[in-house]
Amino acid sequence: MTQHFPDNFLWGTATASYQIEGASDVDGRGVSIWDTFSKTPGKVVNGDTGDVACDHYNRFAEDIEIMKDLGVKAYRFSIAWPRLFPAGDDVREERGFAFYNRLIDALIAADIEPMVTLYHWDLPQALEDKGGWANRSIVDAFAKYAKACAEAFGDRVSNWITLNEPWCVSWLGYSNGVHAPGKKDFSLAIAAAHHTALSHAAASRAIKSVRPSAQVGITLNMTNNNIEDHNDPEVLAFAQLSDENLNRWWIDAFLTGKYPQNLLDTYGDLQKDVIKAGDADLLKVQTDFLGINYYADGFVRSARPEDKPYIEGGFMPFPQRVDTSAPADLANSLTAMGWVVTPHGLGNLVTRVHKTWPEIPYLMITENGSSYEDVVLNGEINDVERTDYLNRHLESLQKAVADGVPVKGYFAWSLLDNFEWAEGYAKRFGIVYVDYQTLKRTPKSSAKRFKEIVSTNGL
Ligand code: GBH
């Protein structure tokens, strides 16, 4: 049986500036926190940096040709804040604006709709020097940057994502330190979580003030936490806290102006003085769509003897002892990232999100994809596992959409193999292979399959 997606379903591919652009010291670009972090020994596998990456800055025309051949209707990319405002202040770098004008114009000429993410993790270092996302002054700086982007590009861009995965920004950046700026302090992470929520609201209002008809959303990395031991109160308490910390924090903020009280109680003194009187009015904002990045489900079961209170992992300040490892039946087919493959999770997730928050007008899958070790054989990359991941996740998504969940688009992560943050170039997520010696691009089998899905609008 053929499974079809709705007419006008927005098929796209996604990337992020620091992961693909390279050209790090070109045209007045300022230093970002990922330049600093990746050049700090021990932070990124192999000492890899984004200095060259895929050299998309110089090769974007070729990348657009690839997308045109794939037949995709949209392209989600991010703007590097340090290209437009190198010192994170009001001083503009016109060559940075010119680059994104060239990119956007070329996309439109190719009939590909630009979907812009304003923040995909490359903060100007000068702002981090003042405390970054943990300092409340970031809210104003981000709103100004957003407004400048809406003014410059909003005549041609109508879809905007304020922040990508503010959970990662806050918790990976400021609490467990695996991402830039690499800080390890629970209270900074909570401050960042609040300031990213305030920033989403402030930026949304700023964009709408100059482009009233723009569609503005936020992208969250969301998952389902599968509870395997329903009788263990520690498991239940942990699952609820994780859901509030990962999924509900930013959604409750823009819908209601409030955070989950249970979570605030658990944070206790760590969140003291961060949330100010009157912030509820600032947090609440009309959000046109929710972007969801989905990779894999999570699992929680009763602790094994070796499991320590979760707080000791330096990840989230939860005192429960639980086991969150991969279930045995999924553990022998992990991706190269070590993540489980749970395709039904995508359909389950969008269904649950729509049921829980029916007031969110529509959803977009802004990222979904997988990393596997690719083998080049006679110039071809037959990435069977990645293709299978794509097929199975889209099958699950199609069923949910057919059942009435308003998902308007799907963006494959990623168009190109690229700089996978702390994993450097060792982990490949692209549907198009990049040879980092020659920078030659080669579409993998998964790209050919995606092209087929896009052209038939179904499976
Ligand atoms: C996305 O992050 C990013 O937006 C994108 O830039 C990146 O390249 C892509 O995914 C692939 O990684 O952190 O041990 O608790 C996804 C980040 C991955 C964060 C799964 C939560 C759960 C495992 N998410 N992760 S852990």
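The rules behind these values
Along each chain, numbering runs from 1 in the same order as the chain's sequence is written. pLDDT decides what is reported in this predicted model: residues at 70 or higher carry local features, side-chain atom pairs at 80 or more are listed and counted, and totals for whole chains, interfaces and linings draw on all residues regardless. No hydrogens and no water enter the side-chain calculation; it runs on all heavy atoms of the structure. A pair of strands counts as paired when DSSP detects no fewer than two bridges linking them. The way it works is that DSSP assigns letters per residue, a run of H or I at least four long becomes a helix, a run of E at least two long becomes a strand, and they are numbered from the N terminus. Simply put, an axis is a line fit to the C-alpha atoms, just over the touching stretch for a helix, and the angle between two N-to-C directions goes from 0 to 180 degrees. Between two residues, a contact is recorded if the distance between any of their heavy atoms is within 4.5 Å. In this text, near means that some heavy atom of the residue lies within 4 Å of the molecule or strand in question. As used in this structure description, the phrase polar contact means that two N or O atoms lie within 3.5 Å; if the pair is within protein, one of them must be able to donate a hydrogen and the other to accept it, and residues adjacent in sequence are counted only when both atoms belong to side chains. Calculation of accessible area relied on Shrake-Rupley with a 1.4 Å probe; when residues are assessed, cover is drawn exclusively from the protein chains displayed. Residues are grouped as follows: Ala, Val, Leu, Ile, Met, Phe, Trp, Tyr, Cys and Pro are nonpolar; Asp, Glu, Lys and Arg are charged; every other residue, Gly included, is polar. The term nonpolar core refers to a set of buried residues drawn from Ala, Val, Leu, Ile, Met, Phe, Trp, Tyr and Cys, joined through side-chain atoms within 4.5 Å. Burial classification: accessible surface area is computed with a 1.4 Å probe over protein chains only, and a residue below 20% of its type maximum counts as buried, one above 50% as exposed, and the rest as partly exposed.

**Observations regarding the sheet that holds strand 1 (residues 10–14)**
Part 1 of the argument: The strand order 1-2-3-4-5-7-10-13 describes a closed barrel built from eight strands, whose pairing is parallel. With direction set aside, neighbouring strand axes in the sheet form an average angle of 25°.
Part 2 of the argument: Note: strand 2 (residues 74–78) against strand 3 (residues 113–119), five bridges, orientation parallel. Paired with Tyr75 across the strands is Pro114, a residue of strand 3.
Part 3 of the argument: Contacts from helix 9 (residues 186–210) reach strand 3, strand 4 (159–164) and strand 5 (215–221), with the element oriented near 160° to strand 4.
Part 4 of the argument: Contacts from helix 15 (residues 445–456) reach strand 1 and strand 13 (407–413), with the element oriented near 155° to strand 1.

**Quick word on the site of the ligand**
Part 1 of the argument: The environment of the ligand is made up of 16 residues, and the closest members are Gln19, His120, Glu165, Glu420 and Trp421.
Part 2 of the argument: One nitrogen or oxygen atom from the side chain of Tyr295 is found 3.2 Å from an oxygen atom belonging to the ligand.
Part 3 of the argument: Within the side chain of Trp421, a nitrogen or oxygen atom sits 2.8 Å from an oxygen atom of the ligand.
Part 4 of the argument: Considering the ligand on its own, with 570 Å² of exposed area, one finds that the protein chains cover 75% of that surface.
Part 5 of the argument: Among the residues forming the shell around the ligand, the class breakdown is eight nonpolar, five polar and three charged.

**Some thoughts on the nonpolar core**
Part 1 of the argument: Judged by nonpolar contacts, the single largest core of 136 residues is most densely connected at Trp81, Trp133, Leu290 and Leu397.
Part 2 of the argument: In terms of residue count, helix 9 provides more of this core than any other element does, 13 residues in total.
Part 3 of the argument: For Trp81, the residues in contact, after removing those within four places along its chain, are Gly88, Tyr119, Asp122, Leu123, Pro124, Leu127, Trp133, Ile138, Ala141, Phe142 and Tyr145.
Part 4 of the argument: Ala14, Met337, Val341 and Trp413 belong to the second largest nonpolar core, which has 17 residues in total.

**Regarding the side chain of Asp63**
Part 1 of the argument: Take Asp63: it is sitting in helix 3 (residues 56–70).
Part 2 of the argument: Judged by its relative accessible area of 0%, Asp63 is buried.
Part 3 of the argument: Of the polar contacts made by the side chain of Asp63, one reaches the side chain of His56; its length is 2.8 Å.
Part 4 of the argument: When near neighbours in sequence (up to four residues on either side) are disregarded, Asp63 contacts His56, Leu415, Leu416 and Arg441.

**Observations concerning the pairing of strand 5**
Part 1 of the argument: With six of seven residues buried, strand 5 lies mostly within the body of the structure.
Part 2 of the argument: Alignment of strand 4 against strand 5, held across four bridges, turns out to be parallel. Bridge pairing links Ile161 to Gly217 in strand 5.
Part 3 of the argument: Pairing analysis gives five bridges linking strand 5 to strand 7 (residues 289–293), with the strands arranged parallel. Pairing of Leu220 across the sheet is with Ile292, part of strand 7.

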